[in-house]
Amino acid sequence: MEKKQVIWVIIEQVQGKTAAVSLEVLGKACQLAAEAANAQVVAVALGSAIGPLAQQLPKHGADKVFLVDDPRLELYQNDTYSSVLRRLIERERPDVVLIGASASGEELAPTLAAQLGTGLAAHCTNLRLAADGTLTMLVPAFGGQVIGEIFCPVQRPQMATIKPGVFSPVGLAERTGEIVQEDGASLLYDAEIRLRATRLVVEEPPGMPIEQADVIVAGGWGIGSRENWRLLEELAKEFNGAVGCTRPALDQGWTGGEHTMIGSSGKTVRPKLYLGAGISGAAHHMVGIKDSGVIISVNRDKTAPIFQFSDYCVAADFRDVLPELLAQIRRAKH
Amino acid sequence: MPEFTFSPAQEMLRKAVREFVEKEIEPIAHKIDAENSCPMDVFRKMGALGFAGVIVPKEYGGAGLGLTERAIILEETARHAAGFAMTLMTHQLGIEVLLSYGSEEQKRKYLPELASGKKLGGLAVTEPSGGSDVGGQQSTGELKDGKWVLNGRKCFITNSSEADVCVVTVRTGEDAKGRPSFSAFIIEKGTPGFAPGREEDKFGLRGSGTGDLSLNNCQAGEDAVLGGVGNGTKMALAAISKVGRTGMSAISVGILRGCLEEGVRFAKERVLYGKPIAKLQAIQLEIARNRVDYEAARLLTYYAIGLKDAGGSCDAEIATAKYFSTEAAVRAAKRTMDLMGGYGVVNDYPVGRYLRDALATIPSGGTSHVMQLVIAGQTLA
Amino acid sequence: MKGLNISVLVKPVPDPGCYESIQIDPQTGILVREGLPNILNPADKHALEAALQLVEQHSGRVVMVSMAPPNALETVKEGLAMGADEAWLLSDRAFAGADTLATSRVLAAGIKKLGLCDLVLAGSESADGGTAHVPSQVGEILGISHLTNVTWLNIDTDANVRARMKMENGYIEVEGALPMVIGVSRGMNVPRYTSLPGILAAQDKPVKVLGLNNLGLDPGSVGLAGSPTQPGKLSRPELKRQGERLEGEPAELAKRIVAIMRSSGVLS
Ligand SMILES: Cc1cc2nc3c(=O)[nH]c(=O)nc-3n(C[C@H](O)[C@H](O)[C@H](O)COP(=O)(O)OP(=O)(O)OC[C@H]3O[C@@H](n4cnc5c(N)ncnc54)[C@H](O)[C@@H]3O)c2cc1C
Ligand SMILES: Cc1cc2nc3c(=O)[nH]c(=O)nc-3n(C[C@H](O)[C@H](O)[C@H](O)COP(=O)(O)OP(=O)(O)OC[C@H]3O[C@@H](n4cnc5c(N)ncnc54)[C@H](O)[C@@H]3O)c2cc1C
Ligand SMILES: Cc1cc2nc3c(=O)[nH]c(=O)nc-3n(C[C@H](O)[C@H](O)[C@H](O)COP(=O)(O)OP(=O)(O)OC[C@H]3O[C@@H](n4cnc5c(N)ncnc54)[C@H](O)[C@@H]3O)c2cc1C
């Protein structure tokens with residue numbers, strides 16, 4: 001019989017709340033465990049006073065949870081987090097370690113991989129686990145124009161990061177799992193802490209987080225001004241939706257900020273409906289919306305590339321169409 | 001003939017200017033044209049980066065490079081905004097006369113600020129009565145009590161209202177054979193009696209101001225005389241050939257590249273009969289012609305400029321390059337509009353502007369007729 | 001602290017404006033990227049800008065380190081034109097096919113060879129591979145602290161570092177001390193344009209090309225051989241959709257869009 005595969009998912013928490021991406025990755029891990037028949041899913045949670053959070057993890061697919069609760073782990077910081085995880089991994093020898101490619105995960109994963117001397121696949125868009133334990137990791141490169149398979153044939157664990165929004169969480173209300181309390185003191189020594197994370201400053205984005213919105217109204221460079229941008233915001237508000245943007249629009253300062261940029265270096269979104277205006281359709285942006293339900297685009301250039309990636313193409317000036325659309329939606333709702 | 005390549009430093013310069021132009025100029029190119037406004041802030045930035053003073057020797061605060069490097073800068077600027085390139089090109093025309101004919105004192109006084117782009121330069125020769133006919137200039141300069149008093153009117157002068165330092169030619173007497181002789185004066189903006197007049201509403205090369213300059217009992221000291229009394233025409237004509245025509249030629253190469261690139265982009269994107277029109281042979285022929293015109297203009301232009309940089313006498317080669325490149329730019333722009341169908345005439349696309357700019361390059365620095373006369377004159381000599 | 005010795009990691013990459021024209025050879029399955037113009041990785045210009053500003057503030061020296069084929073030298077020199085003092089190109093056939101760990105080993109060896117270095121700056125991610133691994137991995141291999149995605153950085157005269165690391169909804173403020181590796185995020189600064197005097201000065205600045213032997217590396221630790229990850233097949237994701245063109249006056253267009261919104265369940 002094949003050895004039982006063990007898949008770890010590193011859980012990210014911010015101020016005691018589990019990051020959505022961690023649950024998404026946990027969901028994927030359950031699916032991989034099912035693919036490879038005989039696999040076990042283990043969640044590893046680090047933080048301070050996060051017991052309640054750990055209790056919830058079995059309901060999202062963890063067969064077992066390692067909990068490292070230590071005041072020194074309150075805020076993420078790469079040398080504390082990586083020291084703890086490296087010792088746990090060296091002790092437990094999991095086959096696979098998955099980490100959400102959040103801002104901190106993107107730093108923690110390569111740090112850990114270098115310490116362990118193992119391979120890491122970045123920003124995976126899909127994963128497959130064969131019965132023999134081989135993990136196939138699909139990674140994007142060249143701004144999403146190319147997808148490559150990555151393997152880690154010799155070293156263990158096989159490690160991958162996964163972008164937010166790529167997979168879906170699972171909810172298994174009945175499921176219970178073993179929770180193993182680890183002793184922080186034996187996993188982290190004060191002498192090895194070189195960096196101090198002094199504070200977390202939260203700049204809460206106003207409105208609906210873009211990853212969760214059913215409707216996204218997105219704008220690009222073609223919107224032209226902050227004034228015009230308000231039109232997008234009003235449209236989004238009608239649906240309790242979110243406004244997304246391209247990088248040039250972000251750079252112009254018209255948008256809600258970095259967290260609303262969609263694409264290879266921004267968010268991956270999958271709304272039911274995406275309405276894009278003044279966006280040319282560069283691959284960097286399009287890879288972030290490819291899983292959307294319906295894509296409608298408005299561009300005054302009939303030959304704009306975005307039309308090749310849209311379900312409905314409106315070749316017109318957004319200044320003509322969107323005000324009219326807003327008026328009609330308002331009428332339709334009353 | 002040797003292999004035709006640019007040095008690594010020249011390639012690096014091209015890349016640097018291209019990056020600047022794509023970030024700072026391309027986004028406002030349409031606006032510059034629509035409003036016929038010259039973005040002086042962009043000019044000053046180019047000055048600070050050393051682009052405006054490229055041909056000024058290091059001892060006067062420039063980069064000390066040649067006309068080839070200057071042409072690279074103009075070509076890259078004109079790729080997106082030929083009108084604005086015209087401002088830069090004429091600034092350097094003003095620099096050239098100071099550089100070649102100025103006294104040490106004059107060079108020290110004017111060149112550093114012109115090189116760094118803190119000040120804008122110009123050269124005023126053309127008059128209502130004399131463009132091609134340089135000898136037809138009517139403006140006069142008279143020496144009275146140790147001061148020159150200038151009177152008359154210049155027209156079609158680039159940077160007329162913005163230039164801080166302008167070299168102006170006027171009739172100051174007669175030569176031995178009784179023909180009028182001309183002298184050049186360095187006149188600073190704000191000098192009493194010296195003022196910009198009306199600005200032309202040009203249909204091309206918008207974004208460079210072109211207009212009248214009036215001289216109304218404008219007083220100039222003897223230290224304002226450039227290159228000696230009576231040498232004005234010779235100097236102006238030499239500078240117009242060396243820096244003016246080579247500059248117009250480089251600007252045309254920029255327009256030609258714009259036509260080529262925009263044509264290719266459109267041909268690949270526009271779908272007819274279920275496939276991009278680039279697959280249609282008729283369209284391919286247009287693209288090929290654009291390519292040939294661009295390559296030929298580029299070779300002629302950099303060849304002539306290379307000769308000049310090497311110190312040769314090459315007015316005919318320069319005239320050939322200017323004549324061919326400006327006319328080729330007109331052809332290519334028209335051709336590109338043709339291949340775009342109805343979209344070609346819509347101002348959302350830049351190609352209509354390219355055509356207007358290309359047409360306006362023809363008279364600037366000497367008309368195609370005059371270029372052919374220069375070429376023929378040397379060929380028949 | 002007597003001036004800062006800063007290494008900046010720079011990667012020549014194919015111009016992102018051309019990624020749409022990248023093809024995969026159907027026979028060999030290899031990426032066809034010939035003819036694509038190379039540029040300095042955009043994020044690395046921000047790293048270089050940060051280095052130049054720090055040296056303007058503290059005095060010191062900026063050396064670029066790059067692992068790339070020999071023909072990338074001209075691209076690396078663009079950094080000299082921006083203001084770096086020297087460039088080291090780490091180039092060897094044996095380095096080909098490296099993953100991020102094998103790349104980081106070579107870069108770390110280059111930095112060690114340079115000798116005393118107070119600060120290593122890198123871009124937070126490359127435009128082509130885009131893994132964002134290298135800054136942290138170089139830090140680990142050098143055995144010094146590291147931070148990436150840094151949007152704000154302050155170094156005082158006692159070599160204390162304060163930095164802000166970008167998070168989803170804000171930032172974490174971190175304190176540490178030099179030496180350190182820092183991955184610079186685009187948000188930190190606006191890179192300067194390359195000036196003509198800069199280009200001229202660049203032509204005479206020192207450039208060193210070093211290979212496997214100069215760096216004292218084991219061939220088994222670099223390139224494809226030294227990479228724990230191995231590449232498999234490449235493909236291009238299919239993004240295309242069957243677009244239906246909506247035609248008509250604005251009012252009509254809006255009506256069609258409202259209908260589509262209804263049928264997709266976002267409007268009742
Ligand atoms: C399709 C594809 C997928 C890939 N997927 C993976 C993967 O999942 N895992 C993996 O380990 N490797 C992967 N690679 C290989 C990886 O791209 C290369 O190892 C590359 O040399 C370094 O990684 P990066 O470009 O992602 O750098 P990043 O970590 O994104 O770069 C961050 C910064 O590090 C510095 N830097 C990076 N490379 C260099 C260099 N050569 N010289 C100087 N400074 C540098 C720069 O400052 C840069 O801004 C992939 C490559 C391709 C083509
Ligand atoms: C390393 C790297 C990473 C990147 N990551 C991302 C990323 O994550 N996300 C991202 O979006 N970009 C990213 N980019 C940038 C990306 O390559 C493109 O430049 C960008 O997506 C283009 O944005 P845009 O469509 O808003 O602008 P443009 O390409 O300039 O398009 C503007 C469009 O608006 C249209 N338009 C203009 N006026 C009107 C009007 N009145 N009505 C209707 N239409 C109009 C025009 O026809 C045009 O098609 C990245 C680039 C690099 C180098
Ligand atoms: C955009 C622009 C910017 C300019 N900037 C400047 C500037 O900064 N400074 C400056 O001094 N001038 C400037 N000029 C003026 C330019 O040099 C003149 O327009 C040009 O020399 C032609 O002179 P003209 O307009 O008087 O035409 P004319 O000389 O009146 O010519 C009329 C026609 O006669 C033809 N012709 C003239 N002579 C002959 C001949 N011998 N044989 C055959 N045909 C002939 C011409 O080709 C033309 O077709 C600028 C012009 C333009 C359009």
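Now for a quick tour of the structure. Nothing here was measured: the structure is a model prediction, and the numbers come from that model.

Parameters and conventions
Residues numbered from 1 in each chain as written. Chains lettered and ligands numbered in written order. Predicted model: local features only at pLDDT ≥ 70, side-chain atom pairs only at ≥ 80, totals over all residues. Heavy atoms only, no water. Pairing = 2+ DSSP bridges. Helix = DSSP H or I, 4+ residues; strand = E, 2+ residues; numbered from the N terminus. Axes fitted to C-alpha atoms, helices over the stretch in contact; angles between N-to-C directions. Contact = heavy atoms within 4.5 Å. Buried area = accessible area lost by both parts, 1.4 Å probe. Salt bridge = Lys/Arg side-chain N within 4 Å of Asp/Glu carboxyl O. Phe/Tyr/Trp six-rings, centres within 6.5 Å; stacked < 30°, edge-to-face > 60°. Buried < 20%, exposed > 50% of the residue type's maximum accessible area, 1.4 Å probe, protein only.

1. Description of the sheet that holds strand β7 (residues 120-124) of chain A
Residues and elements named next belong to chain A.
1) Next: With parallel pairing, 7 strands are arranged side by side in an open sheet as β7-β11-β6-β1-β4-β5-β12. Two strands close off the open sheet at either side, each with one partner strand: β7 and β12 (178-182). The mean inter-strand angle of the sheet, taken between neighbouring strand axes irrespective of direction, is 20°.
2) Next: Pairing between strand β1 (residues 5-11) and strand β6 (residues 96-100): 4 bridges, direction parallel. Bridge pairing in β6 places Ile-7 opposite Val-96.
3) Next: Running over the sheet, helix α1 (residues 20-35) touches β1, β4 (39-47), β6 and β11 (158-162) and is turned about 170° from β1.
4) Next: Seen against the sheet, helix α4 (residues 105-116) touches β1, β6, β7 and β11 and runs at an angle of roughly 170° to β11.

2. Observations concerning the interface of chain A and chain C
1) Next: The partner chain C presents 72 residues to the 91 residues of chain A that form the contact.
2) Next: Three residues, Phe-142, Gln-145 and Arg-194 of chain A, lead the burial of chain A against chain C; their summed loss comes to 10% of the area buried on that side.
3) Next: Linking chain A with chain C are 5 salt bridges, by the criterion used here.
4) Next: A salt bridge links Arg-199 of chain A to Glu-173 of chain C, with the nearest nitrogen and oxygen atoms 3.2 Å apart.
5) Next: Residue contributions to the side of chain A that touches chain C peak at 8 residues, all from helix α9 (residues 318-333) of chain A.

3. Comments concerning the packing of aromatic side chains
1) Next: Enumeration according to the criterion identifies 13 aromatic pairs over all chains in this entry.
2) Next: Arranged with centres 6.0 Å apart and planes meeting at 80°, the rings of Phe-4 of chain B and Phe-6 of chain B form a pair that is edge-to-face.
3) Next: Since its relative accessible area comes to 37%, Phe-4 of chain B is described here as partly exposed.
4) Next: Exposure remark for Phe-6 of chain B: the relative accessible area of 14% places this residue in the buried category.
5) Next: Here Tyr-343 of chain B and Tyr-349 of chain B contribute two aromatic rings whose centre-to-centre distance is 6.0 Å and whose plane-to-plane angle is 80°, an arrangement assigned as edge-to-face.
6) Next: A relative accessible area of 10% places Tyr-349 of chain B in the buried class.
7) Next: Cluster of aromatic residues (ring-pair linked, three or more members): Trp-221, Trp-229 and Trp-254 of chain A.

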